[in-house]
Amino acid sequence: MNIELLSQYLVAGITYGTIYAIVAIGFNIIYNATGIINFAQGEFVMLGGMIAVSLHTIMPLPAAILAAVLATMIIGALIEVIFIRWLDNPSVLRMIIITIGISIFIREAALHIWGEGVRALPYFTGTEVTVFSIGDVHISPQVLWVTGVSAVIVLLLNFFFDYTLLGRQMRACSANRDAAQLCGISAKNMVTLSFILSAGIGALAGCVVSPITYVQYDSGTGLAIKGFTVAILGGLGNSTAAIAAGLLLGIIESFSVSLMPSAFKDVVSITILLLILFVRPSGIFGSAEASRLKEF
Amino acid sequence: MPVVVFGIAIIAVQLLTVFADRPQFMTQFTMTGYYSLVIIGLCLLMGYAGQISLGHAGFFAIGGYISAFLTTHDLTPYKDNIVLAALSKTGILTAAQDLYGGGSLVFHPWAAFITAIVITIAIAYVIGGPVLKLKGHYLAMATLGFGTIVYKLVLGTGFFGAADGLSDIPGFRILPGLEVSGKTGIRVQNYYIAWGLVVLGMLLLTNLIHSRVGRALRSIHSAEDAANAMGVNTTRYKLQIFVLSAVFAAMGGVFLTHYNGGIGPSEASIMKSVRYVAIVAIGGMANLWGALSMGIILNFLSLRGYFGSYDDAIFGAILIVIMLFAPEGLLRSEVLQGIKMRFSPGKGSGSKEA
């Protein structure tokens, strides 16, 4: 393999890895606030892309994306208020089944609204053939959009959780729900907020990647599995580690294509998920001691 | 007792289709029977051992695909190979005719069936060992991952027919005069074969849950650590139940494949696995008869196409509604219990134990 091909794989790996990392961050936000893995996280990504594509026919691209993100946030909030909020102390099994049910429901709704067709937003800058080259490596401008937007999301999230009152309240809730409530923080509202936040992030990711990966009514499931793999790989709940894990998985997956048929690309990453679950469920960056306290 | 009622119901349904002049319903009822094998196996795993599996369609597909592959893959070019020559002398390989009348050398259905079950057991052991150490979300995701791997493998592998699946699969002659196949002439016979297998399966499972193993399983479900402390080898029991339920799923896969004469990758899809979980959930997790009866109703309606293009959405909605309002299953929901109490006030309080 020559250097040129190597770096091309690397670029592809980084692009997909970033997407997985954003989905993983969506998982983490809700997990940290509630201890729930939201199996419908991938559907938020699909919804963002789909709504933006539909709205783009009647409004300019930035407005369509903004509206799609807001719409998905509202859907996220509705899901939490309708299905999660009023359950007192539900079992993990029950939560798993409910979120799976929600994901099927969103997917089927999308199938009936948008059909089976594959859609995509236009490239944000340039067209699909626009490339700029660094040496022998050719990069699509959309790849920069993906990585750039992801970087901004992560920075803003870090800022939000570390420096804003609301972010700190959310962290307080996930650290100790009872103590936070004694301080006058509404834990239920924080959970709703976590759904809104992760829906918005997912939707934004869906918009940014749709020119490259396209969206279809059922593209959420695959993303959810990859996102979960990354979340586990980095250690559930740890969003900074999720980025590193996302890049790692993206690059491994990208290089696997050079060794085996691309139809088996997903098999590689799911096998990694299984291996990690079997060998080190705390993730490669998480500490085994800390995760022993969690329920898994 | 329930077995007798169930047996009468099976005969009654067959007679009804005769009197109602709807013999074509037999086909869907037969297919429902084979899906019921998966459901009662999964019910044992989820309800009695307390372990969720989102990968049971994977085991179904493993059984179906292996049997389909072995009974259709022509080995004639290798017939001079010493091993194959010996196999064909013992009858494990048989001559068959393909669609165009040409001769081919394939595995006998029984040999294929046994191979499929042995491979399923092996895979279930290998997967189950590490998977069952996990709990909650991790277990759900791991089994979902396993199911997805099976799906992607059958979808991407040429000799499994890729997206088209395998077809022209011969009937499965269980005994002379007793054949699992979709020929219309033996429709009634096939209906009784399928439901005979379900009755056998139910007898096995109900005996199992009322035995020492069953009590051990219930103790795992309610308090695993306590069960462990009492000397119940929880790891071993969970693994054995996992393997047993995988075998049930694979058997359903083998028979349905021979009955339909084909199998496609959609049988391995995640949605199928979720559907099995939905049916067990609506029937009531630890309620074999409930899961079975719900499975019969829902599978039959779905196979007859009553849900139309809302098929998957119906099962998604079932999952949500059941888990929100009646996590113990429809048959144990408070509303139904209330009605039961009204009609038999004496027995009402003890009904949770059933």
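Coordinates for the structure precede this section.
So, here's what we can say about the structure. The model shown is predicted, which means the values in this text are computed figures rather than measured ones.

The rules behind the values
- Residues numbered from 1 in each chain as written.
- Chains lettered and ligands numbered in written order.
- Predicted model: local features only at pLDDT ≥ 70, side-chain atom pairs only at ≥ 80, totals over all residues.
- Heavy atoms only, no water.
- Helix = DSSP H or I, 4+ residues; strand = E, 2+ residues; numbered from the N terminus.
- Rg over C-alpha atoms; globule rule 2.2 N^0.38 Å.
- Buried < 20%, exposed > 50% of the residue type's maximum accessible area, 1.4 Å probe, protein only.
- Contact = heavy atoms within 4.5 Å.
- Areas by Shrake-Rupley, 256 points an atom, 1.4 Å probe, with all protein chains shown as cover.
- Lys, Arg positive; Asp, Glu negative; His and termini not counted.
- Charge placed at Lys NZ, Arg CZ, Asp CG, Glu CD.
- Salt bridge = Lys/Arg side-chain N within 4 Å of Asp/Glu carboxyl O.
- Phe/Tyr/Trp six-rings, centres within 6.5 Å; stacked < 30°, edge-to-face > 60°.
- Axes fitted to C-alpha atoms, helices over the stretch in contact; angles between N-to-C directions.
- Parallel < 35°, antiparallel > 145°, perpendicular 65-115°, else oblique.
- Left-handed = near helix turned anticlockwise from the far one by under 90°.
- Nonpolar A, V, L, I, M, F, W, Y, C, P; charged D, E, K, R; others polar.
- Buried area = accessible area lost by both parts, 1.4 Å probe.
- Polar contact = N/O pair within 3.5 Å; in protein donor to acceptor, adjacent residues only side chain to side chain.
- Patch = residues over 30% accessible without salt bridge, like charges linked within 9 Å, V, L, I, M, F, W, Y side chains within 5 Å.
- Expected span 1.5 Å × (residues − 1).
- Core = buried A, V, L, I, M, F, W, Y, C linked by side-chain atoms within 4.5 Å.

## Here we look at the overall build of chain A
Here is step 1 of the chain: For chain A, the helix and strand inventory stands at 12 helices and 2 strands.
Here is step 2 of the chain: Start at the N end of chain A and walk to the C end: the helices and strands fall as α-α-α-α-β-β-α-α-α-α-α-α-α-α.
Here is step 3 of the chain: The C-alpha radius of gyration computed for chain A amounts to 19 Å, which stays within 12% of the reference 19 Å derived for 296 residues, consistent with globular compactness.
Here is step 4 of the chain: Along the first, second and third principal axes, the C-alpha atoms of chain A reach 60 × 50 × 35 Å.
Here is step 5 of the chain: The buried share among the 296 residues of chain A stands at 53%.
Here is step 6 of the chain: In chain A, the proportion of contacts linking residues at least 24 apart, taken out of those at least 6 apart, comes to 74%.

## Details of the overall build of chain B
Here is step 1 of the chain: Counting its regular elements, chain B contains 14 helices and 6 strands.
Here is step 2 of the chain: The C-alpha radius of gyration computed for chain B amounts to 21 Å, which stays within 12% of the reference 20 Å derived for 354 residues, consistent with globular compactness.
Here is step 3 of the chain: Looking at the 354 residues of chain B, the share that counts as buried comes to 54%.
Here is step 4 of the chain: Long-range contacts, defined as pairs at least 24 residues apart, comprise 76% of the intrachain contacts of chain B with a sequence gap of at least 6.
Here is step 5 of the chain: A total accessible area of about 15400 Å² is found for chain B, and carbon and sulfur atoms account for 66% of it.
Here is step 6 of the chain: Computed over 22 positive and 15 negative side-chain charges, the separation of the two mean positions in chain B equals 10 Å.

## Regarding the pattern of salt bridges
Residues and elements named next belong to chain A.
Here is step 1 of the chain: A full pass over the atoms with the stated rule returns 12 salt bridges over all chains.
Here is step 2 of the chain: For Glu 80, the salt bridge is made with Arg 85, and the minimal N-O distance between the two is 3.7 Å.
Here is step 3 of the chain: For Lys 265, the salt bridge goes to Glu 253, with nearest N and O atoms at 3.9 Å. Within this pair, whereas Lys 265 is found in helix H11 (residues 265–279), its partner Glu 253 is found in helix H10 (residues 239–256), the two being separated by 12 residues in sequence.
Here is step 4 of the chain: A relative accessible area of 2% means that Glu 253 is categorised as buried.

## Describing the packing of aromatic side chains
Residues and elements named next belong to chain B.
Here is step 1 of the chain: Taken as a whole and judged by the stated rule, the model has 29 aromatic pairs over all chains.
Here is step 2 of the chain: Centre to centre, the rings of Phe 6 and Trp 195 are 6.0 Å apart; their planes meet at 80°, and the pair counts as edge-to-face. Highlighted residues: Phe 6 in helix H1 (residues 2–19) and Trp 195 in helix H7 (residues 187–209), separated in sequence by 189 residues.
Here is step 3 of the chain: Overall, the relative accessible area of 10% leaves Phe 6 in the buried class.
Here is step 4 of the chain: The class of Trp 195 is buried, set by a relative accessible area of 3%.

## Let's talk about the packing of helix H3 (residues 56–72) of chain B against helix H10 (residues 234–260) of chain B
Relative placement of two packed helices is described by the angle separating their axes and the distance separating the axes.
All names here are of chain B.
Here is step 1 of the chain: The interhelical angle for the contact between H3 and H10, taken along N-to-C directions, is 45°, at an axis separation of 7 Å. As summarised for this structure, H3 and H10 are arranged oblique, according to the angle between their axes. For the pair H3 and H10, the sense of crossing is right-handed. Of H10, the residues touching H3 (which contributes His 56, Phe 59, Phe 60, Gly 63, Gly 64, Ser 67, Ala 68 and Thr 71) are Phe 242, Ser 245, Ala 246, Ala 249, Ala 250, Gly 252, Gly 253, Val 254, Leu 256, Thr 257 and His 258.
Here is step 2 of the chain: Split into classes, the residues belonging to the contact of H3 with H10 amount to 9 nonpolar, 10 polar and no charged.

## Overview of the interface of chain B and chain A
Here is step 1 of the chain: Taken together, the 39 residues of chain B in the interface contact 40 residues of chain A.
Here is step 2 of the chain: Both faces combined, the contact of chain B with chain A buries some 3600 Å², and carbon together with sulfur accounts for 84% of it.
Here is step 3 of the chain: Inspection of the region where chain B meets chain A yields 1 salt bridge.
Here is step 4 of the chain: Among the ionic pairs, Lys 152 of chain B bridges to Asp 266 of chain A, the shortest N-O distance being 3.0 Å.
Here is step 5 of the chain: Where chain B packs against chain A, one counts 5 residue pairs in polar contact (both at pLDDT 80 or more).
Here is step 6 of the chain: Counting only elements with at least two residues in the side of chain B that touches chain A, the list comes to helix H5 (109–131), helix H6 (136–156), helix H11 (270–283) and helix H13 (311–325) of chain B.

## Here's the deal with a nonpolar patch on the surface
All names here are of chain B.
Here is step 1 of the chain: Where nonpolar side chains cluster on the molecular surface, the patch consists of Ile 11, Leu 15, Val 18, Phe 19, Val 188 and Tyr 192 and spans about 570 Å² of accessible area.
Here is step 2 of the chain: Only H1 and H7 provide two or more residues apiece to the nonpolar patch.
Here is step 3 of the chain: For the nonpolar patch, the element with the highest residue contribution is H1, accounting for 4 residues.
Here is step 4 of the chain: Relative to the helices and strands, Val 188 is located in helix H7.

## Considerations on H5 of chain B
Residues spaced three or four apart along an α-helix face the same direction, because each turn holds 3.6 residues.
Here is step 1 of the chain: Compared with the 33 Å implied by 1.5 Å per residue over 23 residues, the 31 Å span of H5 of chain B between its first and last C-alpha is a close match.
Here is step 2 of the chain: Among the residues making up H5 of chain B, those that are buried are Pro 109, Ala 111, Ala 112, Phe 113, Ala 116, Ile 117, Thr 120, Ala 124, Ile 127, Gly 128 and Val 131 of chain B.

## Looking at the nonpolar core
Residues and elements named next belong to chain B.
Here is step 1 of the chain: Of all hydrophobic cores here, the largest spans 211 residues; its most connected members are Tyr 34 and Trp 195.
Here is step 2 of the chain: The element contributing the most residues to this core is helix H2 (residues 25–48), with 16 residues.
Here is step 3 of the chain: Filtering out sequence-adjacent residues up to four positions away, Tyr 34 remains in contact with Val 180, Asn 190, Ile 193, Ala 194, Leu 197, Gly 252, Phe 255, Leu 256 and Tyr 259.

## What to know about the environment of Ser 88 of chain B
Here is step 1 of the chain: On the secondary structure map, Ser 88 of chain B appears in helix H4 (residues 82–90).
Here is step 2 of the chain: Spatially, the C-alpha atoms of Ser 88 of chain B and Phe 107 of chain B are 8.6 Å apart, while their sequence positions differ by 19 residues.

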